[in-house]
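# Analysis of the macromolecular model
Next come the chains, spelled out residue by residue.
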Amino acid sequence: MSRVRKSGDSNADGFSKLPARRSRGWFRKRYLLLFTFIAMLAGVVVGLPMGLSNKDLVVNLANRFGGLAPIRIDIASISVGWLSPLKVGGLRLIDQNGDDLIKLGVLDTELSLWKMA
């Protein structure tokens, strides 16, 4: 049986004799934190292949952060998945004058996101 704490239940030091009781909200907060973590992890698992399959996003990121300043990259199509291999269609490297440096019809790899991770 739990004992009800009264105002006179304290030592000479002023500390309570009874252990502090946890509020019921701590259990709920832990479950909320766990649910938030699982939801964020699921968002990454689902969202990463979808984001990398967006050719406009990939082309913009490659041109901005690829380190090929005067050369631009153009892609006609891209397909990537956790278990399916990376396939790039219509890959072109274009110089500052607009001339094609490299033009590939299809670039197939055996790498998937799972193998690259």
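Please refer to the structure placed before this passage.
Residues numbered from 1 in each chain as written. Predicted model: local features only at pLDDT ≥ 70, side-chain atom pairs only at ≥ 80, totals over all residues. Heavy atoms only, no water.

## Brief notes about the pattern of salt bridges
The criterion, for reference: Salt bridges, as used here, are contacts in which a Lys or Arg side-chain nitrogen is within 4 Å of a carboxyl oxygen on Asp or Glu. By the criteria applied, helices consist of DSSP H or I runs no shorter than four residues and strands consist of E runs no shorter than two, each listed in order from the N terminus. To sort residues, take the accessible area from a 1.4 Å probe on protein chains only and compare it with the maximum for the residue type: under 20% means buried, over 50% means exposed, and anything in between is partly exposed.
Per the stated rule, a full pass over the model turns up 3 salt bridges. Put simply, arginine 92 and aspartate 74 hold a salt bridge, and the shortest N to O gap is 4.0 Å. One end of the pair, arginine 92, is in strand β3 (residues 87–94); the other, aspartate 74, is in strand β1 (residues 72–74), and 18 residues separate them in sequence. Residue classification places aspartate 74 among the partly exposed residues on the basis of a relative accessible area of 30%. Arginine 92 is the partner of aspartate 100 in a salt bridge, and the nearest nitrogen-oxygen pair spans 3.3 Å. Among the residues examined, aspartate 100 registers a relative accessible area of 37% and is labelled partly exposed. Residue arginine 92 is classed as partly exposed on the basis of its relative accessible area, which comes to 26%. What you see here is one network of salt bridges that share partners, running through Asp74, Arg92 and Asp100.

## Comments concerning the pairing of strand β4 (residues 100–108)
The criterion, for reference: At least two DSSP bridges between two strands are needed for those strands to be called paired.
Pairing analysis gives 7 bridges linking β3 to β4, with the strands arranged antiparallel. Paired with glycine 89 across the strands is valine 106, a residue of β4. Linking β3 back to β4 in an antiparallel pair, the connection comprises 5 residues, with glycine 98 at a positive phi of about 90°.

## So, the side chain of serine 112
What counts here: In this analysis, two residues are considered to be in contact whenever any of their non-hydrogen atoms come within 4.5 Å of each other.
Relative to the assigned elements, serine 112 resides in the loop between β4 and α3 (113–116). Residues within four places of serine 112 in sequence aside, it is in contact with Gly81, Trp82, Leu83, Ser84 and Pro85.

## Here we look at the environment of glutamate 110
As for its placement among the helices and strands, glutamate 110 is situated in the loop between β4 and α3. Judged by its relative accessible area of 68%, glutamate 110 is exposed. Sequence spacing of glutamate 110 and leucine 86 is 24 residues, and the spatial spacing of their C-alpha atoms is 6.9 Å.

## Considerations on the nonpolar core
We apply this condition: For this analysis, a nonpolar core means a set of buried residues of the types Ala, Val, Leu, Ile, Met, Phe, Trp, Tyr and Cys, connected via side-chain atoms within 4.5 Å.
With 7 residues, the main nonpolar core is built from Val58, Val59, Ile73, Ile75, Ile78, Val88 and Leu91. Counting only elements with at least two residues in this core, the list comes to α2 (55–65) and β3. Not counting residues within four places of it along the chain, the set of residues in contact with valine 59 comprises Ile73 and Ile75.

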